[in-house]
Amino acid sequence: MARLTVDDRRAEILRATVAQIAERGVATIRVADVATTLGVSTALVFYHFRSKDRLVAEAFAYAARRDLDRLADVAGSGGTARQRLVRALRLYHPSGSAAPGWRLWIDGWSTALREPELRRVCRRLDLRWRDTIAGLIAEGVTTGEFTCPDPEAAAWRITALIDGLSVQTTVHRGVLTRRKAEAWAYEQAARELGVTTLA
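Residues numbered from 1 in each chain as written. Predicted model: local features only at pLDDT ≥ 70, side-chain atom pairs only at ≥ 80, totals over all residues. Heavy atoms only, no water.

What the protein chain contains, in helices and strands, is 9 helices and 0 strands. When its helices and strands are written in sequence order, the protein chain yields α-α-α-α-α-α-α-α-α. Structurally, the protein chain occupies a C-alpha span of about 60 × 35 × 30 Å along its principal axes. In the protein chain, buried positions account for 42% of the 199 residues. When the accessible surface of the protein chain is totalled, it reaches about 10,800 Å², and 53% of it is carbon and sulfur. Looking at the protein chain, you have 30 positive and 23 negative side-chain charges, and the mean spots of the two groups are 3 Å apart. (Helix = DSSP H or I, 4+ residues; strand = E, 2+ residues; numbered from the N terminus. Buried < 20%, exposed > 50% of the residue type's maximum accessible area, 1.4 Å probe, protein only. Areas by Shrake-Rupley, 256 points an atom, 1.4 Å probe, with all protein chains shown as cover. Lys, Arg positive; Asp, Glu negative; His and termini not counted. Charge placed at Lys NZ, Arg CZ, Asp CG, Glu CD.)

Here you go:
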């Protein structure tokens, strides 16, 4: 059996860590569990990641790359700014296969209150989302699709509303339907952007 390259081994460890976080939660994940899953020693995991905090932070960044790549694809794809904004907001909502990712992020945000490395990663990823949404809004203002005096502030308010509603639909299942939460978010976004409807 061929030895894994350093990059391949790191990616394997990160995938296993993401799976362990999704299964056990950040608070109870142990490096030993990640190592056991892969059939390697904890020393090997620590060779690639100097601490559990670093491993968890990099695992979150690894998990987010796929979503950020999809977001970049949507933002750079064809269509009007309005069409691309709607597609980007759909990516942001916890629906279908995205819902497990929201459980991961809620857990990560909670842990980030106490873990500086994870806090830096979460902040960087949140800002990437917000900057992309703000850019699409600004583009829509330029093309005359939206009327919005402050695209950055509008992006903050829209994503903050979606974050809050997503926490409610993910943590408190059955209290608020995803469909209703999405409708409220689109209604508010439309008001922010001076249009009758977004979707």
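Okay, back to it.
So, about the packing of helix H5 (residues 81-92) against helix H7 (residues 116-142). Their axes nearest at 9 Å, the elements H5 and H7 cross at an angle of 160°. As judged from the angle between their axes, H5 and H7 are roughly antiparallel. For the element pair H5 and H7, the recorded crossing hand is left-handed. Residues Ala-81, Arg-84, Leu-85, Ala-88, Leu-89, Leu-91 and Tyr-92 of H5 form the contact with H7, whose participating residues are Trp-129, Arg-130, Ile-133, Leu-136, Ile-137, Glu-139 and Gly-140. (Axes fitted to C-alpha atoms, helices over the stretch in contact; angles between N-to-C directions. Parallel < 35°, antiparallel > 145°, perpendicular 65-115°, else oblique. Left-handed = near helix turned anticlockwise from the far one by under 90°. Contact = heavy atoms within 4.5 Å.)

Okay, the UniProt feature "DNA-binding region" (unreviewed entry) in the protein chain next. The positions UniProt marks with the feature "DNA-binding region" (unreviewed entry) are residues 30-49. For residues 30-49, the helix share is 75%, the strand share is 0%, and the end-to-end C-alpha distance is 13 Å. (UniProt positions renumbered as here; feature names shortened; annotations may be inferred.)

Per the counting criterion, the structure on display carries 2 aromatic pairs. Ring plane angle 75° and centroid distance 4.9 Å describe the contact between Tyr-92 and Trp-129, whose orientation is recorded as edge-to-face. Residue Tyr-92 is located in helix H5, and its partner Trp-129 is located in helix H7; the two are separated by 37 residues in the primary sequence. Among the residues examined, Tyr-92 registers a relative accessible area of 6% and is labelled buried. Given a relative accessible area of 11%, Trp-129 falls into the buried group. Here Arg-130 stacks its cationic end above the ring of Trp-156, 3.9 Å away from the centre of that ring. (Phe/Tyr/Trp six-rings, centres within 6.5 Å; stacked < 30°, edge-to-face > 60°. Lys NZ or Arg CZ within 6 Å of the ring centre and 35° of its normal.)

On to the pattern of salt bridges. Applying the stated criterion across every chain, the model contains 11 salt bridges. One salt-bridge network, in which partners are shared between bridges, spans Arg-10, Arg-50, Arg-54, Glu-58 and Glu-117. (Salt bridge = Lys/Arg side-chain N within 4 Å of Asp/Glu carboxyl O.)

Here we take up helix H1 (residues 6-24). Given a rise of 1.5 Å per residue, 19 residues ought to cover 27 Å, and the 26 Å separating the end C-alpha atoms of H1 matches this to within 8%. Ala-11, Ile-13, Leu-14, Ala-16, Thr-17, Val-18, Gln-20 and Ile-21 are the residues of H1 that are buried. Positive backbone phi, at 90°, marks Gly-25, one or two positions downstream of H1. (Expected span 1.5 Å × (residues − 1).)

With that settled, the discussion passes to the nonpolar core. One finds Ile-21, Phe-60, Leu-85, Leu-89, Ile-137, Leu-193 and Leu-198 to be the most contacted residues of the largest nonpolar core, which totals 59 residues. Put simply, the parts of the chain that give this core at least two residues each are H1, helix H2 (31-38), helix H4 (52-76), H5, helix H6 (99-112), H7, helix H8 (151-171) and helix H9 (178-192). Residue contributions to this core peak at 10 residues, all from H4. Discounting residues that sit within four places of it in the chain, Leu-85 has contacts with Ile-133, Leu-136, Ile-137, Phe-146, Leu-193 and Leu-198. (Core = buried A, V, L, I, M, F, W, Y, C linked by side-chain atoms within 4.5 Å.)

This part takes up H9. Spanning 15 residues, H9 covers 21 Å between terminal C-alpha atoms, matching the ideal 21 Å at 1.5 Å per step. Taken together, the buried positions of H9 are Ala-181, Ala-185, Tyr-186, Ala-189, Ala-190 and Glu-192.

Looking at the secondary structure, you find Lys-52 in helix H4. On the basis of relative accessible area, Lys-52 is assigned to the partly exposed category, the value being 30%. It is 49 Å that separates the C-alpha atoms of Lys-52 and Gly-144, two residues lying 92 residues apart in sequence.

This next bit is on the UniProt feature "domain: HTH tetR-type" (unreviewed entry) in the protein chain. Within this structure's numbering, the places UniProt gives as "domain: HTH tetR-type" (unreviewed entry) are residues 7-67. From the first C-alpha to the last, residues 7-67 spans 20 Å; its make-up is 80% helix and 0% strand.

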